[in-house]
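Residues per chain are reported as follows:
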Amino acid sequence: MFDENSKLAKEYATDALAACNTCREEGDDDDWLLATEGEALLILGDYDAAYEKYQAFVNANRDLWRLSSTYLNAQEIASALGKGAVAKAIDEIFPTNKQ
C-alpha cells in the first residue's frame, strides 16, 4: 500500500495533522480528530505519539462502532507498514478485540 506511494502518504498525513490542528484552533473538539491524528502519526512513523492519540480516543469514546472502525483502520495501516509490533501495541490499546 505505501511502498510505491510512501512519500505521498506522508504528505497527506502531514496535511491531516495540520487540518486537525486548525479544527482545534477553531474550537472543534470532535473525538474523530484524535483518531485521524493517530492514523497520520502511524504513517509518519511516530508510533508513541500515535498510541497516545489512540488511547485518548478510546478514553473519550464508548461507541463500539467508532472504536471498531478506528481499530480496523489502525491495524490496516500497521499491516501495510509491515509493523507487527505496532499492530500488537494497537491491540493493547483498543478494547474492541477483548472479551
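Whatever comes next refers back to the structure up there.
All figures in this text were calculated on a predicted structure; none of them were measured in a lab. (Residues numbered from 1 in each chain as written. Predicted model: local features only at pLDDT ≥ 70, side-chain atom pairs only at ≥ 80, totals over all residues. Heavy atoms only, no water.)

Trainee: What's the story with helix H3 (residues 47–60) in this structure? I'm lost.
Mentor: Helical geometry: 3.6 residues make up each α-helical turn, so side chains three or four residues apart lie on a common side. End to end, H3 covers 20 Å across 14 residues, agreeing with the expected 20 Å (1.5 Å per residue, within 8%). Residues of H3 that are buried include every one of Ala50, Tyr51, Tyr54, Phe57 and Val58, and no others. One side of H3 carries all its buried residues, which in axial view fall inside an arc of 120°. Summarising the geometry of H3, the exposed residues directed more than 90 degrees from the buried face are Asp48, Glu52, Asn59 and Ala60. Looking at the buried side of H3, the elements it contacts are helix H2 (32–44), helix H4 (64–81) and helix H5 (84–93). (Helix = DSSP H or I, 4+ residues; strand = E, 2+ residues; numbered from the N terminus. Expected span 1.5 Å × (residues − 1). Buried < 20%, exposed > 50% of the residue type's maximum accessible area, 1.4 Å probe, protein only. Arc of directions from axis to C-beta. Contact = heavy atoms within 4.5 Å.)

Trainee: Help me understand the environment of tyrosine 71 in this model?
Mentor: Position of tyrosine 71 relative to the elements: it lies in helix H4. Judged by relative accessible area, which is 14%, tyrosine 71 ranks as buried. Between the alpha carbons of tyrosine 71 and valine 58 there is a distance of 9.7 Å; along the sequence they are 13 residues apart.

Trainee: Where do I start with the nonpolar core in this structure?
Mentor: The tendency in soluble globular proteins is for nonpolar side chains to be buried side by side. Grouped together as the largest cluster of nonpolar side chains are 24 residues, with contacts concentrated most on Leu42, Tyr54, Phe57, Val86, Ile90, Ile93 and Phe94. Taken together, the elements giving at least two residues each to this core come down to helix H1 (6–25), H2, H3, H4 and H5. Ranked by residue count, the leading element in this core is H2, at 6 residues. Excluding anything up to four places from it in sequence, phenylalanine 94 contacts Tyr54, Phe57, Val58, Leu67, Thr70 and Tyr71. (Core = buried A, V, L, I, M, F, W, Y, C linked by side-chain atoms within 4.5 Å.)

Trainee: Explain the packing of aromatic side chains here, please?
Mentor: This model, assessed by the stated rule, comprises 4 aromatic pairs. Ring geometry for tryptophan 32 against tryptophan 65: centres 5.9 Å apart, planes inclined by 75°, an arrangement best described as edge-to-face. Pair noted here: tryptophan 32 is in helix H2 and tryptophan 65 is in helix H4, with a separation of 33 residues, a long-range link. Clustering of aromatic rings is evident, with ring pairs tying together Trp32, Phe57 and Trp65. (Phe/Tyr/Trp six-rings, centres within 6.5 Å; stacked < 30°, edge-to-face > 60°.)

Trainee: Can you help me understand the side chain of asparagine 61 in this one?
Mentor: Residue position: asparagine 61 is located in the loop between H3 and H4. In this structure, asparagine 61 is in contact with Asp31, Arg66 and Leu67, ignoring residues within four places of it in sequence.

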